[in-house]
Amino acid sequence: MSYFNKVLIANRGEIARRVIRTCRQLGIQTVAVYSEADAQAPFVSEASEAVCIGPAQAKKSYLDIEKVIQAAKQTTADAIHPGYGFLSENPLFAKRCKEENIVFIGPEADVMETMGSKVEARAHMQKAGVPVVPGSSGKIESLEEALAIADNLGYPLMLKASAGGGGIGMQLAHNQEELEKAFHSTIPKAESFFNDGTVFLEKWIADPRHIEVQIAADRHGNVVHLYERECSVQRRNQKVVEESPSPFLDASLRNQLLEAAVRGVKEIGYTNVGTMEFIFDSDRNFYFLEMNTRLQVEHPVTEEITGIDLVEWQLRIAAGQELPLQQEQINKAGHAIECRLYAEDPKTFFPSPGTVEQLKLPDKDIRLDFSIVEGSIVSPFYDPMIGKLIVHGANRVEAIEKMRQALAQVEIHGLKTNLALLASIMENEQFESGDYTTQFLEKKEILS
Ligand code: ADP
Ligand code: ADP
Ligand code: MG
């Protein structure tokens, strides 16, 4: 079976190592591109070849499309895996790859562009009969328009950047005054972060759960789901702990959700693995939030319960092959949990870069997807996530117990991390009950 001869990974850290691992197993050569700040990073030495593409600032290295393309040409890579973040959802990058006859391991640029815009994605999902969060029907042009729509929808509301991601570019407004403020602060922020100042309004869902569906779609019209992931443990609208299956869903609600996700994906002609994100209100209604047209940080929990290698599926799809399994052949077993270890102050959630002076990790019955080793420097230039611990148990109780034991064995010195927070989440009664929402970490007593 032929995939590619050489894949360049346009990313860094744990996800670069993750992609290298699968390529190696399939006998595919790999190229790492790295910034000067990452010269000593494990992913650089683990790749078959490595090319330095510039200084630490992401704009001058990992986000510089032409430098990445140049590295691919110079090393004769025939495909590029973009990981997550950086250029992974940039349609211009996908286009440039195509122009150079390099396979972009992701969807077609136009589909990516459509789904990268939350405003457009909402419109497509409505057309497919997938419920979306009640909100404005398109781009908001002026403050007057925002205020008028808000009067209609009722507060509280979320003003969101259409191009937003990583929890950045959304602002909660409880009243007219707060909406005015949000309007003036969000647009410039969206322009500077995402090069796109388009904003829209969504009704704020109180005490919601974030549950997403992993899907896969090939170029032969096959679309399948690989079940859901529960991602409601969040800080700053970004995930910290993920699990699958979701303790919130019964079989009937799960089926409705999975069916809606597949229907939405079929509507847009998507190809690649991808994630349909939904939010559930306390009455168990679900609404489409957004689609991520890439591999997700938390993809390992899906791999653990299904036994499927999602990176391998990405490579197969990009190489034009059919999905190796049909929906009826995709089964799930047991329960998986992932904890994201962040180099950050556990109280303020601010990044805390530094040198990893000592690192001890559990080695039995656990999957570790880490970017660091002992001696690594965690640079202030990039996302502060340093690793993920993933466990799989016969059931949720067993998985939680395994995670507790794993976290108890972790020793990390030289930086502040959220290790203690992760441990207290695993000990928390509400988490244990499975009955938690995205507001769970707001209760600061979890920390003490
Ligand atoms: P996931 O959606 O896979 O759970 P996160 O929200 O944690 O992932 O984001 C994964 C990485 O991608 C982080 O480094 C985050 O900062 C980055 N990221 C996500 N969306 C965007 C975006 N639209 N623009 C830039 N970076 C992004
Ligand atoms: P991003 O692109 O940054 O991932 P999302 O739209 O996926 O943005 O939202 C990220 C998180 O923000 C959600 O998981 C949820 O916790 C919160 N959120 C987003 N929209 C709403 C909403 N309308 N009501 C309540 N919470 C929301
Ligand atoms: Mg999201």
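Values in this document were obtained by computation on a predicted structure and should not be read as measured data. Here, residues in each chain are numbered from 1, in the same order as that chain's written sequence. Going through the entries in the order they are written, you letter the chains from A and number the ligands from 1. At least 70 in pLDDT is required for a residue's local features to be given in this predicted model, at least 80 for side-chain atom pairs to be given and counted, and no such filter applies to totals for whole chains, interfaces and linings, which use all residues. Neither water nor hydrogens contribute to the side-chain values; these are computed over all heavy atoms in the structure.

Colleague: Any chance you could explain the side chain of arginine 367 here in plain terms?
Modeller: You can see arginine 367 is positioned in strand E17 (residues 367-370). Residue contacts are counted whenever heavy atoms from the two residues lie within 4.5 Å of one another. Setting aside residues no more than four positions away along its own chain, arginine 367 makes contact with Arg18, Arg21, His299, Pro300, Glu303, Glu304, Lys388, Leu389 and Ile390. What counts as a helix is a DSSP run of H or I of at least four residues, what counts as a strand is a run of E of at least two, and both are numbered from the N terminus.

Colleague: Looking at this structure, I do not really get the site of ligand 1. What am I missing?
Modeller: Here a residue is near a molecule or strand as soon as one of its heavy atoms is found within 4 Å of it. Ligand 1 sits among 16 residues. The nearest are Gln238, Arg294, Val297, Glu298 and Arg340. Here a polar contact is taken to be a pair of N or O atoms separated by no more than 3.5 Å, where protein atoms must pair a possible hydrogen donor with a possible acceptor and residues adjacent in sequence count only if both atoms sit in side chains. Residue glycine 85 places a main-chain N or O atom 3.5 Å away from an oxygen atom belonging to ligand 1. Side-chain polar atom of arginine 340 to an oxygen atom of ligand 1: 2.7 Å apart, as the coordinates give it. Here, Shrake-Rupley sampling with a 1.4 Å probe gives the accessible areas, and only protein chains in the shown set may cover a residue. Taking 560 Å² as the accessible area of ligand 1 by itself, protein coverage stands at 77%. Residue assignment for the shell around ligand 1 shows that the elements contributing at least two residues are strand E6 (157-165) and strand E11 (238-244). Top contributing element to the shell around ligand 1 by residue count: E6, with three residues. Put simply, Ala, Val, Leu, Ile, Met, Phe, Trp, Tyr, Cys and Pro go in the nonpolar bin, Asp, Glu, Lys and Arg in the charged bin, and everything else, Gly too, in the polar bin. When the residues that make up the shell around ligand 1 are grouped by side-chain class, the tally is four nonpolar, seven polar and five charged. Boundaries between domains were set according to an automatic or database domain assignment. Per-domain counts for the shell around ligand 1 show at least three residues from each of domain 2 (134-203) and domain 3 (209-447).

Colleague: How do you make sense of the nonpolar core when you look at a structure like this?
Modeller: Generally speaking, a soluble globular protein has its nonpolar side chains buried in company with each other. Note on terminology: a nonpolar core comprises buried Ala, Val, Leu, Ile, Met, Phe, Trp, Tyr and Cys residues joined through side-chain atoms within 4.5 Å. Residue exposure (1.4 Å probe, protein chains only): buried if accessible area is under 20% of the type maximum, exposed if over 50%, otherwise partly exposed. By size, the foremost hydrophobic cluster in this structure holds 74 residues, and its most contacted members are Phe43, Phe278, Phe280, Phe288, Met291, Trp313 and Leu315. The element best represented in this core is helix H9 (residues 251-268), accounting for eight residues. Residue contributions to this core reach at least three from each of two domains, namely domain 1 (6-105) and domain 3 (209-447). Apart from residues lying up to four places away in sequence, leucine 315 is in contact with Tyr3, Phe4, Val7, Thr22, Cys23, Leu26, Ile28 and Ile105. With 35 residues, the next largest nonpolar core counts Ala343, Leu359, Ala399 and Ile400 among its residues.

Colleague: Looking at this structure, how should I read a negative patch on the surface?
Modeller: On the surface, Glu144, Glu177, Glu178 and Glu180 cluster together into a patch of negative charge. Topologically, glutamate 180 is positioned in helix H8 (residues 176-194). Residues with no salt bridge and a relative accessible area higher than 30% make up the patches, which join like charges within 9 Å and nonpolar side chains (Val, Leu, Ile, Met, Phe, Trp, Tyr) within 5 Å. Only one rule defines a salt bridge in this text: a Lys or Arg side-chain nitrogen within 4 Å of an Asp or Glu carboxyl oxygen. Charged-residue counts in this description rest on Lys and Arg as positive and Asp and Glu as negative, His and the chain ends being excluded. Where a charge sits is defined by one atom per residue type, namely NZ (Lys), CZ (Arg), CG (Asp) or CD (Glu).

Colleague: Any chance you could explain empty space enclosed by the protein here in plain terms?
Modeller: The rolling of a water-molecule-sized probe over the atoms marks out the regions of remaining empty space. Space inside and on the surface of the protein is sampled on a 1 Å grid over the protein atoms alone, with a cavity defined as a set of points where a 1.4 Å probe fits but cannot get out and a pocket as an open set with protein on both sides within 12 Å along at least 5 of 7 lines; lining residues have an atom within 4 Å of a point. Grid points are joined across faces, edges and corners, and a volume is the space filled by probe spheres set on the points. Per the stated rule, a full pass over the model turns up two cavities of 30 Å³ or more. Estimates place the volume of the largest cavity at around 40 Å³. Looking at the largest cavity, the residues that line it are Ala343, Pro351, Ser352, Pro353, Val378, Ser379, Pro380, Tyr382 and Pro384.

Colleague: Quick question: what am I supposed to make of the pattern of salt bridges here?
Modeller: A side chain with one charge may pair with a side chain of the opposite charge, provided their charged atoms come close. A full pass over the atoms with the stated rule returns 40 salt bridges. Taken together, the salt bridges that share partners define one network made up of Arg18, Arg21, Glu303, Glu304, Asp309, Arg367 and Asp369.

Colleague: Looking at this structure, how should I read the coordination of the magnesium ion (ligand 3)?
Modeller: Expected angles at a metal are 109.5 degrees for tetrahedral coordination by four donors and either 90 or 180 degrees for octahedral coordination by six donors. Around the magnesium ion (ligand 3), the protein contributes the donor atoms Glu277 (OE) and Glu290 (OE), which lie 1.9 to 2.1 Å from the metal centre. In this pair, glutamate 277 is assigned in strand E12 (residues 272-280) and glutamate 290 in strand E13 (residues 286-292), connecting sequence segments 13 residues apart. Neither residue differs from the other here; glutamate 277 and glutamate 290 are each classed as buried. Only N, O and S atoms count as donors, using a 2.8 Å limit from the metal and a wider 3.2 Å limit for Na, K and Ca, and since water is excluded some coordination spheres may look unfilled.

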